[in-house]
Amino acid sequence: MYSIENAYKRESKMKSIADIKKELNNCDISELNSFAELYKNDSRAGVIKLVESACKKLDRHNKELERLETITQYERKYQNMGIEYIGGIDEVGRGPYAGPVVTACVILPKDCKIEGVNDSKKLSLKKREELFEIIKEKALSVGIGIVDNHEIDELNILQATYKAMRIAVENMDIKPRQLLVDAVTIPEIDIPQEAIIKGDAKSISIGAASIIAKVVRDRMMVEYAKIYPQYGFESNVGYGSRYHEEAIRKYGLCDIHRRSFTRKFNI
């Protein structure tokens, strides 16, 4: 007996699994549900796996949308109070033996949701680099603050971090009206601020700032590795890996090492 459904089944089975896989690879996220519906009755094992893959991808997307809804709650709170420019601030590099501490302040547009934005430590290098470009493109303003190892030794790391955060805010093209800060309250700043524990995973603005700061600092350390190749800065980015510690014992300290962090080496 002829039916549109039976006709479709015959037509879909004429497609090779390779063609259906190519179709899935070219699917926009909004088309995944239609793809799954289209091929759900195809009994070929390869097609069943492709349908399962589409469903899993759609499920991951929906969960990410739920997460993004959660991590924009702080921004929505202040937007609902009529505050337009909300800056998220985070730092990278408080713990390494070498290199600067880097901070970033990021203002995102209202209702901006960038899939994947999270604590930079939870992301791969490739994902951070990808999100770095997206954040820079979408952000209303980005400010960077850098304090080098000499000032870290002079001020101590906490005060150096505060200074870097103030510099990041000063470097903004648009001055924030509210700051969301990862874990700390910045002294000597005249903008209202809220400290959020583990804010880089709870606020999209802070998460975006953590990615910007991490990529900027990592790129700096890769450049330093060309000047001081013996320490492996391109991979350890200044942190105390075994290779880095052995290199310090063998070669001593270089100009970007923090003397206040390396006293145990008695150098």
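Going by the structure above, here's the rest.
The shown structure was predicted, so the numbers you read here are calculated from the model rather than taken from an experiment.

Peer 1: Explanation requested: the packing of helix 2 (residues 17-25) against helix 3 (residues 32-39) in the structure shown.
Peer 2: The relative placement of two packed helices comes down to the angle between their axes together with the axis-to-axis distance. For the pair helix 2 and helix 3, interaxial distance at closest approach is 10 Å and the crossing angle is 160°. When the axis of helix 2 is compared with that of helix 3, the two are roughly antiparallel. Every residue of helix 3 that contacts helix 2 at Ile20, Glu23 and Leu24 is listed here: Leu32, Phe35, Leu38 and Tyr39. Taken together, the residues of the contact of helix 2 with helix 3 sort by class into six nonpolar, no polar and one charged.

Peer 1: For this particular structure, what's the right way to read the packing of aromatic side chains?
Peer 2: For any pair of aromatic rings, the description rests on two quantities: the centre-to-centre distance and the angle between the ring planes. On inspection of all chains with the given rule, the structure shows four aromatic pairs. Centre to centre, the rings of Tyr97 and Phe265 are 5.6 Å apart; their planes meet at 90°, and the pair counts as edge-to-face. Placement of the pair is Tyr97 in the loop between strand 1 (86-92) and strand 2 (101-107) and Phe265 in the segment after helix 11 (242-251), with a sequence separation of 168 residues. Taken individually, Tyr97 and Phe265 each receive the classification buried, so the pair is uniform in this respect. Through pairs of rings, three or more aromatic residues link up here, namely Tyr231, Phe233 and Tyr251. The ring of Phe132 has Arg219 lying over it, and the distance from NZ or CZ to the ring centre is 4.5 Å.

Peer 1: Teacher, can you tell me more about the state of the cysteines here?
Peer 2: Two cysteines joined by a covalent bond between their sulfur atoms form a disulfide. For the coordinates displayed, the defined rule picks out zero disulfides. Cys55 carries a free sulfur, and the closest cysteine sulfur to it, the one in Cys27, is 11 Å from it.

Peer 1: What am I meant to see in the nonpolar core here?
Peer 2: Soluble, globular proteins show a tendency: their nonpolar side chains are buried together. With 23 residues, the main nonpolar core has Val106, Leu108, Val117 and Ile135 as its most contacted residues. If one sorts the elements of this core by residue count, helix 9 (residues 204-227) sits on top with eight residues. If sequence neighbours within four positions are ignored, Val106 has contacts with Ile86, Gly87, Gly88, Ile135, Ala139, Ser141, Val142, Met172, Ser205, Ala208, Ala209 and Ile212. Counting 14 residues, the second-largest nonpolar core is a separate cluster that includes Tyr97, Ala225, Ala247 and Ile248.

Each value, and the rule that gives it
Residues numbered from 1 in each chain as written. Predicted model: local features only at pLDDT ≥ 70, side-chain atom pairs only at ≥ 80, totals over all residues. Heavy atoms only, no water. Axes fitted to C-alpha atoms, helices over the stretch in contact; angles between N-to-C directions. Helix = DSSP H or I, 4+ residues; strand = E, 2+ residues; numbered from the N terminus. Parallel < 35°, antiparallel > 145°, perpendicular 65-115°, else oblique. Contact = heavy atoms within 4.5 Å. Nonpolar A, V, L, I, M, F, W, Y, C, P; charged D, E, K, R; others polar. Phe/Tyr/Trp six-rings, centres within 6.5 Å; stacked < 30°, edge-to-face > 60°. Buried < 20%, exposed > 50% of the residue type's maximum accessible area, 1.4 Å probe, protein only. Lys NZ or Arg CZ within 6 Å of the ring centre and 35° of its normal. Disulfide = S-S within 2.5 Å. Core = buried A, V, L, I, M, F, W, Y, C linked by side-chain atoms within 4.5 Å.

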